[in-house]
Amino acid sequence: MNRDLTTGKPETVLWNFCVPLFGSIIFQQLYNIADSFVAGKLIGENALAAVGNSYEITLIFIAFAFGCNIGCSVIVSQLFGAREYKNMKTAVTTSMIASAVLCAVLVTAGVLGGSWLLRVIRTPEAIFADSKLYLDIYIWGFPFLLFYNVSTGIFSALGDSRTPFFFLAASSTANIAVDILFVAAFHMGVAGVAWATFLCQGVSCVLAVTVVGKRLSGICAEEKAPLFSSRLFRRIAMIAVPSILQQSFISVGNIVIQGVINGFGAGVIAGYAAAVKLNNLVITSLTTLANGVSNYTAQNLGAGIPSRVKEGFRAAAKMVWILCVPIVLLYLLGNSRLICIFMDDPSGSALESGTRFLSVVTPFYFIVSVKLVADGILRGAGMMKQFMASTFTDLILRVVLAVVLSRQFGSVGIWCAWPVGWSIATVLSILFYRKGSWK
C-alpha cells in the first residue's frame, strides 16, 4: 500500500512507516547472523572466523546496493511527493537499468579480485580456503541483493514499508532452516552456509521486483513514461554516488581494521566476528530507520512543506532513543551469553575480545543514533557534501585510531576507536542539520 508521508502528525507517521522498516532490517541481518551462528555452532570456530573475515569484503558490495537503494528512493520520493508520476516511473526504470550495468561490473571485479582482497587483509592460511569459497558464492548471488535493495527503496519511496517486511520475514526464516539443512544434513560446510543465503535472497529478489512492477502499473500517469532519462539519471547519481562512496570507504576502512585485527590471531578474529555481527545489527537497523527519515524528508520537501522536517527530526530522535534503551541493556548485561550464541566452546581470547568490544561501543548507540537521523535528513534534502563530510570524519578517525591505539593497548585500543569517531561525527551532523533551509 502506497502512503503519503506529507500529511498527519509527524511522530505518528514516522512510527507507522519506520517500525516495519526496523523489522525488515532485523530479518535482513538474520541472513548474516544465521550464517555466523551455523558456521560457529555446527562447523567450528575457524569456520566462524572465515565467514566473519569474508563479511568485511562483502560490505563493499553491500555499499553499492545501499547506494542504489538510497539514490532511487530519494528521487522517487521527491517525485511521488510532487505528484509527478510519469517522471517517477521513469526514475524507477532508469535506476533498474543503471543498476544492471553496475552489477555486471561488480560481479566481474569480485570474481577476479576476491583472492587478492583476502590477501590484502592478511587472511590467515587456516581460514583462507573457506573465506574464498564463501566470498565467491556470495559474489555470484550479488545481483539478487542489488535488485532487492533497489526494489525496497522504491517501496519506501511510495510510503510502503510493510511489503519488504513480509518478504524478508519469510526469506530470513527460510534461510535459517536451509542453513541448518545444508550444513547439518548435507555436510556442505561453509559452502552450505553461502548457498543457503544465495537461494533465499534469490527468491526475495524475484518476488520484490515482480510486486514493484505490478505496483507501478497501478499508478496512472498523464502519458507513457520513457524507460530511461539522462536528466533523472544524473539526479539519482547525485544521491547514489556519494552514498556509495560513503559506504564503500566505510567498508574499506573496516577492511583495514580487519587487517589489524587479523594480526591478533584466529581467536580474536572469531570474537570480533561474533561481536561485530551484533553491532552491525544495531547500526544497520538505525541506518534503515534513518533511510525512512530520508523518504519522509524527500516527500515533504517535494511537496513544498519544509516545516515538517524539523518536527520529523525531533520525532525520529525520540524514536531511535526509545529503541536503543532495550538494546543497550541487553548488550551490556548479556554480552558474554550473546557471544556464546555463535560458538559452543569459545576460546578465552574469542570470548574476551567479543565481550570487550560490546562493552566499549554499546553505550554510544545513543550518540550515533542521533547522527544517523540527522544524516537521513541531510540525504533526503540532497545535502550530500555535508553528509559526506560527517561520514568521512567518523571513518578516518576510526581507522587511524584503530591502527595507532592497537600498538599501545592491543585489541582493546581498536574497539575504543568506534566511540571517538561516532561522537565527533555526531557533532558535525547536528551542526549541518541546524543550517538546513527548513530552519
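This section reports on the structure supplied with the text. On a predicted model such as this, the values are computed, not experimentally measured, just so you know.

What follows is about the overall build of the protein. The secondary structure content of the protein amounts to 15 helices and 0 strands. Compactness check: the protein gives a C-alpha radius of gyration of 21 Å against a globular reference of 22 Å for 439 residues, within 12% of the reference. Taken over the C-alpha atoms alone, the protein extends approximately 65 × 45 × 35 Å along its principal axes. Residues classed as buried in the protein amount to 61% of the 439 residues present. Residue pairs at least 24 apart in sequence account for 85% of intrachain contacts in the protein once pairs closer than 6 positions are excluded. Summing over all exposed atoms, the protein offers an accessible surface of approximately 16500 Å²; the carbon and sulfur share of this is 69%. Within the protein, the 19 negative side-chain charges are centred at a point lying 11 Å from the centre of the 31 positive side-chain charges.

A separate point is the nonpolar core. One finds Tyr331, Tyr365 and Trp418 to be the most contacted residues of the largest nonpolar core, which totals 66 residues. At 16 residues, helix 9 (residues 266–302) tops the list of elements feeding residues into this core. Contact partners of Tyr331, with chain neighbours within four places excluded, come to Leu278, Asn279, Leu281, Val282, Leu338, Leu358, Thr362 and Tyr365. Membership of the second largest hydrophobic core comes to 57 residues, among which are Val76, Tyr148, Phe167 and Ile239.

Relative to the helices and strands, Ser204 resides in helix 7 (residues 190–217). Residue class for Ser204 comes out buried when judged on its relative accessible area of 4%. Polar contacts involving the side chain of Ser204 include one to the side chain of Ser171, which spans 2.7 Å.

Note: α-helices contain 3.6 residues per turn, so residues at a spacing of three or four share the same orientation. For helix 14 (residues 384–409), built from 26 residues, the straight-helix expectation of 38 Å at 1.5 Å per residue is met to within 8% by its first-to-last C-alpha distance of 36 Å. The largest bend in helix 14 comes to about 25°, at Ala402. Buried residues of helix 14: Met384, Phe387, Met388, Ser390, Thr391, Asp394, Leu395, Arg398, Val399, Ala402 and Ser406, and no others. One or two residues past the end of helix 14 sits Gly410, with phi positive at roughly 70°.

The next thing to look at is the packing of aromatic side chains. Within this structure, the stated rule accounts for 16 aromatic pairs. Arranged with centres 6.2 Å apart and planes meeting at 70°, the rings of Tyr331 and Tyr365 form a pair that is edge-to-face. Residue Tyr331 is located in helix 10 (residues 307–333), and its partner Tyr365 is located in helix 13 (residues 365–380); the two are separated by 34 residues in the primary sequence. No difference in accessibility class separates Tyr331 from Tyr365, as the two residues are buried.

We now examine the state of the cysteines. By the definition in use, this model includes 0 disulfides. Cys72 provides the cysteine sulfur closest to Cys68, a residue in no disulfide bond, and the two sulfurs are 8.8 Å apart. Cysteine Cys103 shares no disulfide, and the gap to the nearest cysteine sulfur, in Cys68, comes to 9.1 Å.

Cut-offs and rules
- Residues numbered from 1 in each chain as written.
- Predicted model: local features only at pLDDT ≥ 70, side-chain atom pairs only at ≥ 80, totals over all residues.
- Heavy atoms only, no water.
- Helix = DSSP H or I, 4+ residues; strand = E, 2+ residues; numbered from the N terminus.
- Rg over C-alpha atoms; globule rule 2.2 N^0.38 Å.
- Buried < 20%, exposed > 50% of the residue type's maximum accessible area, 1.4 Å probe, protein only.
- Contact = heavy atoms within 4.5 Å.
- Areas by Shrake-Rupley, 256 points an atom, 1.4 Å probe, with all protein chains shown as cover.
- Lys, Arg positive; Asp, Glu negative; His and termini not counted.
- Charge placed at Lys NZ, Arg CZ, Asp CG, Glu CD.
- Core = buried A, V, L, I, M, F, W, Y, C linked by side-chain atoms within 4.5 Å.
- Polar contact = N/O pair within 3.5 Å; in protein donor to acceptor, adjacent residues only side chain to side chain.
- Expected span 1.5 Å × (residues − 1).
- Bend = angle between axes of the 7 residues up to and from the residue.
- Phe/Tyr/Trp six-rings, centres within 6.5 Å; stacked < 30°, edge-to-face > 60°.
- Disulfide = S-S within 2.5 Å.

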